[in-house]
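Okay, here's what each chain looks like letter by letter:
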Amino acid sequence: MSLKDYEHLKKGETFSLDTLFANLKTDKDGLVAAIAQQHDTGEVLMLAYMNEKSIRETLATGQVCYWSRSRQTYWRKGESSGHRQSLVSMSFDCDGDAILLQVDQTGPACHTNRRDCFFFKVDGNHVVVDSAPIDK
């Protein structure tokens, strides 16, 4: 079975979370891309990666947990900075290869101390930095 087998379901019908996990399309390291979006403004904050364990922890605690590819460990967003992401909702795309996290972001989402990670804006043949770090 695949998630394609569930596309016919009507709004409100359900299937198990374990079925979703069994059908996730992950990379060779068991990771799937996760987009964090501010729940009330729609602002796209960042892209990170999750695996089944970090997804389950996020659902259990309500605090977003990612897998850090650079540090090879779990990364609980805001654990050291205090700039936490509280989970509002979690959705998966139809192919099971991307996650959309609706979050309530406290402070900046980016390690550069900017509100979001998408501050390199293309303008013709140039790239413009379109936001400044938030003052501490």
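Model, not experiment: these values are computed from the prediction. (Residues numbered from 1 in each chain as written. Predicted model: local features only at pLDDT ≥ 70, side-chain atom pairs only at ≥ 80, totals over all residues. Heavy atoms only, no water.)

Novice: Go over the overall build of the protein with me, naming the residues and quoting the values.
Specialist: Each helix and strand in the protein was counted, giving two helices and eight strands. Each helix and strand of the protein, placed in order from N terminus to C terminus, yields the pattern α-β-β-α-β-β-β-β-β-β. Each principal axis of the C-alpha atoms in the protein carries an extent, and together these give about 50 × 35 × 30 Å. Counting over 136 residues, the protein shows a buried share of 34%. Sequence-distant contacts in the protein: of pairs separated by 6 or more residues, those separated by 24 or more amount to 39%. Surface summary for the protein: the accessible area is close to 8500 Å², and the carbon and sulfur share equals 51%. Each charge class in the protein can be summarised by its mean position, and for the 16 positive and 19 negative side chains these summaries are 4 Å apart. (Helix = DSSP H or I, 4+ residues; strand = E, 2+ residues; numbered from the N terminus. Buried < 20%, exposed > 50% of the residue type's maximum accessible area, 1.4 Å probe, protein only. Contact = heavy atoms within 4.5 Å. Areas by Shrake-Rupley, 256 points an atom, 1.4 Å probe, with all protein chains shown as cover. Lys, Arg positive; Asp, Glu negative; His and termini not counted. Charge placed at Lys NZ, Arg CZ, Asp CG, Glu CD.)

Novice: Hey, could you go over the packing of aromatic side chains for me, with residue numbers and the actual values?
Specialist: Counted by the stated rule, this structure contains four aromatic pairs. Ring centres of Trp67 and Tyr74 lie 4.8 Å apart, and the angle between their planes is 75 degrees; this geometry places the pair in the edge-to-face category. Given a relative accessible area of 17%, Trp67 falls into the buried group. (Phe/Tyr/Trp six-rings, centres within 6.5 Å; stacked < 30°, edge-to-face > 60°.)

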